[in-house]
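Secondary and tertiary structure notes
Residue-level listing of the chains:
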Amino acid sequence: MTRRQKQPLRALTAEERQELERLSRACSESVTRVARAKGRRSGDAVSLLVNCFNREGLAALDLRHGGGRSPVYGTTQRQQILETVQHPPDLAQAGTATWSLSTLQHHLRSNQGGEFSTGSTYSLWQVLHQSGYSWQNSRSWCQTGSAKRQRKSGIVTVIDPDAEAKKT
């Protein structure tokens, strides 16, 4: 015996019906999207998906954040990290002319007060990596997709327009 539906599925538009039929036959789509388009076997899962579909339409089939840790650094702290990396460290104070993750961590902890008292070098690496920086052979963090080149007119910054495509 089935339970009475609290929120039955709303009437589908022609575009929604066509997209659901396409997804149910698709071989190159995400497995979870296809499973959601075909329907679920568990009554509770069907109920949740119907409620979400009634609110959001086809966007209900997309994956959402599955949990995990919240970011260690907020937007202002991320900005401070990126601003610090833009300038080379003080050779006399840091003992090096280029940033490493540990020297960056030590600099932020000593100069920024308690804001950076927690967080590992891995957290710093994530911030830099998500902002488009990569660790180069010169042992410094460089903006990915741009390089400084010597020309007759002087030093110019060359930007690779395909840098984002190459990363993925």
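What counts, and at which threshold
- Residues numbered from 1 in each chain as written.
- Predicted model: local features only at pLDDT ≥ 70, side-chain atom pairs only at ≥ 80, totals over all residues.
- Heavy atoms only, no water.
- Axes fitted to C-alpha atoms, helices over the stretch in contact; angles between N-to-C directions.
- Helix = DSSP H or I, 4+ residues; strand = E, 2+ residues; numbered from the N terminus.
- Parallel < 35°, antiparallel > 145°, perpendicular 65-115°, else oblique.
- Contact = heavy atoms within 4.5 Å.
- Nonpolar A, V, L, I, M, F, W, Y, C, P; charged D, E, K, R; others polar.
- Expected span 1.5 Å × (residues − 1).
- Buried < 20%, exposed > 50% of the residue type's maximum accessible area, 1.4 Å probe, protein only.
- Arc of directions from axis to C-beta.
- Left-handed = near helix turned anticlockwise from the far one by under 90°.

On to the packing of helix α6 (residues 101–111) against helix α7 (residues 121–130). Direction vectors running N to C along α6 and α7 enclose 100 degrees, while the axes themselves pass 9 Å from each other. For the element pair α6 / α7, the angle class is roughly perpendicular. Along its contact with α6, which presents L101, S102, L104, Q105 and L108, the element α7 presents T121, L124, W125 and L128. The class makeup of the residues in the contact of α6 with α7 is six nonpolar, three polar and no charged.

Attention now goes to helix α1 (residues 14–25). In this model, α1 (12 residues) spans 17 Å end to end at C-alpha, consistent with the 16 Å of a helix rising 1.5 Å per residue. What α1 keeps buried is the set E16, L20 and L23. Across the axial projection of α1, the buried residues extend over an arc of 65 degrees, all falling on one side. Residues of α1 that are exposed and point more than 90 degrees away from the buried face comprise A14, E15, Q18 and R25. For α1, the elements touching its buried residues are α2 (31–38) and α3 (43–56).

With their axes 11 Å apart at the nearest point, helix α4 (residues 75–86) and α6 run at an angle of 120 degrees to one another. With respect to their mutual orientation, α4 and α6 come out oblique. α4 and α6 meet at a crossing whose hand is right-handed. Side by side, α4 and α6 meet where I81, T84 and V85 of the first sit next to L104, H107 and L108 of the second. Looking at the contact of α4 with α6 residue by residue, the class counts come to four nonpolar, two polar and no charged.

What follows covers the environment of A35. Structurally, the position occupied by A35 is in helix α2. A relative accessible area of 31% means that A35 is categorised as partly exposed. Note: C-alpha distance between A35 and L61 (26 residues apart in sequence) is 8.9 Å.

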